[in-house]
Amino acid sequence: MWIVGAGGVGREALDTALAAGVPVAGFLDDRAQGSTVRGLPVRAPKELAAGEGYLIGIADPAVRARLAALLGGLGGHPVTLVHPRAIVAPETELGPGCLVMGGAYVSSSVRIGAHSQVHYNATVGHDTVLAELVTVYPGGNVSGSVHAEQGATVGSNAVVLQGRRLGRYAFVGAAAVVTRDVPADTTVVGCPARPTVRRGH
């Protein structure tokens, strides 16, 4: 398989693959193509061959969406990676292209959509639904029965309380505590979390 993105999250995805015993051929990254990263070759994403596996190791959900469309059009197939020191409880579904890093805890009866990421030491509570392209940064705590729509992001050490809803491409800032639903394209910060600026998509 190939890891898309040779930056920080891409290298953490490589760490996850190595720990899980999944062979990695190299990285796909337009900016670093022609170089080597961690001893592996870097090529352009458009060079992915039909039938090859890939995982997008990039934090920005909009960029992940664009690359997933490109690579899917080339005939690539998304690979899901779960670190052996992560816990994924029973009756939980991980969509194609998901990345679950070491120390993460994903509780029971959770559904996580394609190309979503749960970073190290983050938690996702029971009966939560994370749509495609959702990101939970390191130490983020998503409580039970939360619904995060496409492209939503939970920042490092942020908390989303039980039953809350995050709209499409909502962004929860680091260490924020979400006590109310967050509308689409809205950034919230603080405790309790309040909107700052609206983000267009």
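Structure report, in brief.

1. A look at the sheet that holds strand β4 (residues 40-43)
- Reading across from one edge, β3-β4-β2-β1-β5-β6 is the order of the six strands in this open sheet, with mixed pairing throughout. The open sheet has two edge strands with one neighbour each: β3 (36-37) and β6 (77-78).
- As paired elements, strand β1 (residues 2-4) and strand β5 (residues 53-56) share three bridges and run parallel to each other. Bridge assignment links W2 to a residue of β5, and that residue is Y54.
- This element, helix α2 (residues 61-73), spans β1, β2 (26-28) and β5 of the sheet and lies at about 170° to β5.

2. Quick word on the sheet that holds strand β23 (residues 177-178)
- An order of β8-β11-β14-β17-β20-β23 is seen for the six strands of this open sheet, with the pairing classed as parallel. The sheet terminates laterally at β8 (87-88) and β23, the two strands that pair on one side only.

3. As for the layout of surface pockets
- Estimates place the volume of the largest pocket at around 210 Å³.
- Lining the largest pocket are V4, G5, A6, L28, D29, D30, R31, P45, I58, V63, R66 and L67.
- The biggest single contributor to the lining of the largest pocket is α2, with three residues.
- Among the residues forming the lining of the largest pocket, the class breakdown is seven nonpolar, one polar and four charged.

The rules behind each value
Residues numbered from 1 in each chain as written. Predicted model: local features only at pLDDT ≥ 70, side-chain atom pairs only at ≥ 80, totals over all residues. Heavy atoms only, no water. Pairing = 2+ DSSP bridges. Helix = DSSP H or I, 4+ residues; strand = E, 2+ residues; numbered from the N terminus. Contact = heavy atoms within 4.5 Å. Axes fitted to C-alpha atoms, helices over the stretch in contact; angles between N-to-C directions. 1 Å grid on protein atoms, 1.4 Å probe; cavity = no way out; pocket = protein on both sides within 12 Å on 5 of 7 lines; lining within 4 Å. Points joined across faces, edges and corners; volume = space filled by probe spheres on them. Nonpolar A, V, L, I, M, F, W, Y, C, P; charged D, E, K, R; others polar.

Note that every value here comes from positions in space, so none of it alone points to a role or purpose.
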